[in-house]
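Survey of secondary and tertiary structure
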Number of protein chains: 2
Amino acid sequence: MKDRKPIVAQSTAQGTGAIAIIRISGEKAFSVFLNTVVQKERFDSMPPRRISLYTLLDKEKNQILDEVTAIKYKSPRSFTGENMVEIFCHGGTVVIRDIIDSLIRNGAQPAGRGEFTRRALENGKIDLLKAEAIKGIIEGTNEPEVICAQKMYDGKINALIAVKEKMLAIQSDLEAEIEFGEDGYIGDRGKNNLSSLLKEFEKEIQLRKNITNITGGIRIVITGPTNAGKSTLFNRLLGYNRAIVHHDPGTTRDTINERILLNNYEIQLIDSAGLRETNQDVELQGIALTTNAIHAAHLILWVTAANEKISELEKQVFQESIKKKRVLGVINKIDTENGALKERFLSEKGIRHCSISLIEEKNINSLIKMITEEIGVIVSSIELPNILLNKRHEELGRKIVLEMKRAEQEWNRPEIAAHHLKKAQGLIEEIFGKTDNEEILNRIFENFCIGK
Amino acid sequence: MKDRKPIVAQSTAQGTGAIAIIRISGEKAFSVFLNTVVQKERFDSMPPRRISLYTLLDKEKNQILDEVTAIKYKSPRSFTGENMVEIFCHGGTVVIRDIIDSLIRNGAQPAGRGEFTRRALENGKIDLLKAEAIKGIIEGTNEPEVICAQKMYDGKINALIAVKEKMLAIQSDLEAEIEFGEDGYIGDRGKNNLSSLLKEFEKEIQLRKNITNITGGIRIVITGPTNAGKSTLFNRLLGYNRAIVHHDPGTTRDTINERILLNNYEIQLIDSAGLRETNQDVELQGIALTTNAIHAAHLILWVTAANEKISELEKQVFQESIKKKRVLGVINKIDTENGALKERFLSEKGIRHCSISLIEEKNINSLIKMITEEIGVIVSSIELPNILLNKRHEELGRKIVLEMKRAEQEWNRPEIAAHHLKKAQGLIEEIFGKTDNEEILNRIFENFCIGK
C-alpha cells in the first residue's frame, strides 16, 4: 500500500440536503480530522465503526464549523483500504465547503474523480469490474442498467469466465491444427466452437441495445382518433408525475415529448397528434407505420371516446400495430356514455383497456395503475446481457467480434487466425480489467464522479 | 412520545452522488428495515451506533437492491427521539428510489417536509429555535446567514433572553404607573427603557439588511476607463471560478452579471460598461453616482491600463467613490509598460492595487488572492444581528417595533400602552417558538426540505 496524502471530498450529491457526507482517506486521515475537531480524546478513544458526535472548529477564525457525527475506519478495514473518516455534517453548501476548506488547510488535498475507488482498486480491496459496478449502480438511470451493474458488483460473472475458457479451448484446438496440420484429428471442432462463440458475442451486442433503448426512458405514445382526449390525458399524466425529469424543447412538429417519473419509472411520454382521419378511406397503414413515435414506442395508449362510434381508423390500426407493440386501450368520456360498445370491441381484439372520464376525474388512478403494470411487464421482459455488462464492455465486445470474424475467415491460414484469436483473447482480458495500463485506468476513472 | 408510523426519506441532496443516506424513524423503524435486510441476526445483535454491512433484498422481485451500511439508534437516543435506522447506500437515483419503495411496501410511509425535525421537536429533543437553526445552517448561502443560524444552534441567544427581561421590566414599571398613578415614584424610567429597547430592535432590523444585502452574493463591480481590459478581466474571473452558480439573463443594458464562486465566496460579478469618457470634461460625478451597480457594490475593481496616462476620469472618480466603497486598483497591460506611474498614483490615493497582464497571464493569481482578501474583510466586517437571527424573527421584529411605538405614543394612557406592550411581549415569546399553535408550526415546517 502506497503512503499517500490524505484526500477529502463530499461523497453525497451536490446541492442542499438535510445531511451530507465528507470522506477523508489516507494514512494521515485521523490527524487531519483531529486538527479540526474539538473532542480530540473522544475521537482517539472511540473504537472504529462507531458513530459519535463531534464539534468541528475552524481554528484560524475560532469559529464553530458544525456539529457533526463521524466514524473512523482503520486500515485495511475500510473502503479504500486506508485509514478513513466519514463525517456526517449538516447538508448546507456553505457548511460543507467551509468544512472541506478547513480539512484542506489541515493537510488533506481535494480528491480527484473516482480517487477513493481508485485507491480501493490499487490497494486490492476491489477489482476493476467492481469499481465499474459501483459506477453503474450510482449512475444507472433504469432498472436493467442497474441490474447489470449489480451482477458485476456481486461477482456474478460466470458467463464472462465461461467465454474466456471457450476462447482458450478454441485457441488450443487451433494450435493443435497448426502442429499436426492435415492429420486433422480435431476436425472442425475449433472452427465450430469459434462460430458459436461469435454468435454468442453478436447476441450480447444485440442485448446491449435493449438497454440503450430505454436509457432515455420507457417510450409511451398516446395516440388515437382526434377529440378523444389525447392531449388532456397527456397533461393529466404530466400533472400526476412526481417530478418532470426533463423538458425536451426540440421535439418534432408532430409530437410533444416530456420525460417524467411515473411510479418511479423513467418515462418518455409522447403526445402524438399524428393520427388523423382526413377522410374515411385515409390510408391508415401509411400513417400508422410511418409515425416514428409509434415505431419506437414501448407502449401505446390508444385513447378513444365512449360516445363516438368505432372508427375505421381503430379497426385498421389494431391490425397493424398490435402485432408488434403493447397497446393499452383508454376509453375516455364515460361521463357521456358507458362505453360498453368500445369495451366489447377492445376485449374482442384482446386489448387490455380502462374506461375513464378525464373531465370528471373518474378511474384515473386505475389507469395509472394499469400503465404502471404494463411498464413493469415491459421492463421485466427485457432480456439482459450476461457478458457485456456496460458500455466499455460493449465497445470491447465489438472489437472482439471483429477479431473473431477475421479469425474465422482466415481459419485455413491458422497462423493468421491464431494472431486474431490472440487479439480477441487480450480484449476479453481487458473486460476483466486485468490491466496495469495507466491510460486505460485513467480513461475509466475520469468518468467517475468526485467523492466516489 | 406518540406512537407513530415509521417515516422514510432520503436525507442527502437529490441527484447523483457516491453515497446517499436514507433515514427511517418511528417505533417500528427496526422491523421495517429487517423486512428488507438479508442479515437479520446481524442487525438484531448489533449494538446501537455501530455501522455494519448489510444486503438489502426486494423480496417480491427476489432481487438484490444494494449492498449498504447501516446504523441503528434506539429511542430516545436518536435525532428524533424515536427508533431510527440510517442507511448508507450507493447514491444512484434508481437504487435510492427502489430502496425507499421497498421500505414503503414494508410498512414505512414517505416523510413530509421537515417531519424528522418536527418529531424531534415534538419529542422534546430540540426546541423550535434549534429546528430553525438546522434549517438555517442547511440553507444559508453565505457565512453571515450560517453564523446567525449557528448561534441559535449553539443556544447563544443571551441577547434574546435579555430583551425578554427588559420587556418584562418595562411592563412592571408601567403596571406600577397604572397602580400608583400620579404618585409617579418611577418617573420616566419605564418610558426611557421602552425607548431604548425600541432602538435596539430598530437597529436589529437594520442589521438584518446587512445579511439580505449579500444574499445574492458579494457584489463586485469591474469598472474603469474603456480599453483597459475590463471585459477580459471579467471573462478571466469567470473562467477561474470553480462553478458558475447562476446565469442572469435579464441584466440591465449597461452591465453584464454573473454569479460565481470565487474561493468559496458567492460573488455577483458585474462588468460595468457604464463609465466612458465621451469628452474630457464629461460630468464624471453624474456617471459614477448614477451607476446603480457601483452604488450597490461591495467592492469595486478599478481596471486601468499601464500604458495609458492617468485620465481625468480616474482623478475624479476616486474623489467620489473611494469614500464610500472599497476599491481595488488593477493595473493591466504591464506587458506594454511597467505601470509605475499608475502604481504611484494609486498608492498616493491609498488604494491597494495589483499590476497584471491579462494577455501574458501575469500576476492573475496574486490579483485573485487580493480580491479574496478584500472579500474576507468585507464579510468579516459585516455587523450581525443578535436578536433577530432569521427572516421569521425579522418579521416578528417589525411587528414588535410597531407595538412598541404604539405603546410609546400612548404612554400617557397607560392601559392602552399596556395592551400594546402585552402584544409585543407575546411576539417576543413567538420568536422563542414557545407555541403549540399548529398553524405557526405548519408554516415553519412547510419550508423545510424533505428528509430533514
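Just so it is clear, the model here is predicted, and its values are computed rather than measured.

**Digging into the interface of chain B and chain A**
Between chain B and chain A, the residue contacts involve 56 residues of the former and 56 residues of the latter. A buried area of about 4300 Å², summed over both sides, lies between chain B and chain A, and 54% of it is on carbon and sulfur atoms. Counting across the interface, chain B meets chain A through two salt bridges. Taking the shortest distance from any N to any O, the salt bridge between E143(A) and R97(B) comes out at 3.7 Å. The interface formed by chain B and chain A includes 12 residue pairs in polar contact (both at pLDDT 80 or more). The set of elements that each furnish at least two residues to the side of chain B that touches chain A consists of β2 (19-25), β4 (63-73), β5 (84-90), α3 (93-105), α5 (128-139), α6 (143-153) and β10 (265-272) of chain B. When residues of the side of chain B that touches chain A are assigned to their parent elements, the largest contribution, seven residues, is made by β4(B). The residue inventory of the side of chain B that touches chain A, partitioned by class, reads 22 nonpolar, 17 polar and 17 charged.

**A short note on the relation of the copies chain B and chain A**
With an axial shift of 0.0 Å and an RMSD of 0.0 Å, the rotation relating chain B to chain A amounts to 180°. In short, the pair behaves as if placed about a two-fold rotation axis. Identified as the residue of chain B closest to the rotation axis by C-alpha distance is R50(B), at 2.3 Å. When the interface residues of chain B are mapped onto chain A, 100% of them are again interface residues, pointing to one common binding face.

**With respect to the sheet that holds strand β1 (residues 7-10) of chain B**
All names here are of chain B. Reading across from one edge, β3-β4-β5-β2-β1-β6 is the order of the six strands in this open sheet, with mixed pairing throughout. Edge positions in the sheet fall to β3 (52-58) and β6 (109-110), since each has one partner strand and no second. Note that β4 and β5 share five bridges and pair antiparallel. Bridge pairing in β5 links K72 to V85.

**Examining the sheet that holds strand β6 (residues 109-110) of chain A**
If you walk across this open sheet you meet the six strands as β3-β4-β5-β2-β1-β6 (chain A), and the pairing is mixed. Each end of this open sheet is capped by a strand with a single partner; those strands are β3 (52-58) and β6 of chain A. Contacts from α6(B) reach β4 (63-73) and β5 (84-90) of chain A within the one sheet, and its direction differs from that of β4(A) by about 70°.

**Side note on the pattern of salt bridges**
Taken as a whole and judged by the stated rule, the model has 54 salt bridges over all chains. One salt bridge in this structure joins E374(A) and R326(A), with 2.6 Å as the shortest N-O distance. Taken together, the residues span a long stretch of sequence, with E374(A) in helix α14 (residues 364-380) and R326(A) in strand β12 (residues 326-332) at a distance of 48 residues. Across the pair E115(B) and R119(B) runs a salt bridge, and its minimum N-O distance is 3.5 Å. One end of the pair, E115(B), and the other, R119(B), are both in helix α4 (residues 115-122), four residues apart, so they sit about a helical turn from each other.

The rules behind these values
- Residues numbered from 1 in each chain as written.
- Chains lettered and ligands numbered in written order.
- Predicted model: local features only at pLDDT ≥ 70, side-chain atom pairs only at ≥ 80, totals over all residues.
- Heavy atoms only, no water.
- Contact = heavy atoms within 4.5 Å.
- Buried area = accessible area lost by both parts, 1.4 Å probe.
- Salt bridge = Lys/Arg side-chain N within 4 Å of Asp/Glu carboxyl O.
- Polar contact = N/O pair within 3.5 Å; in protein donor to acceptor, adjacent residues only side chain to side chain.
- Helix = DSSP H or I, 4+ residues; strand = E, 2+ residues; numbered from the N terminus.
- Nonpolar A, V, L, I, M, F, W, Y, C, P; charged D, E, K, R; others polar.
- Least-squares fit on C-alpha atoms with pLDDT ≥ 70 in both.
- Pairing = 2+ DSSP bridges.
- Axes fitted to C-alpha atoms, helices over the stretch in contact; angles between N-to-C directions.

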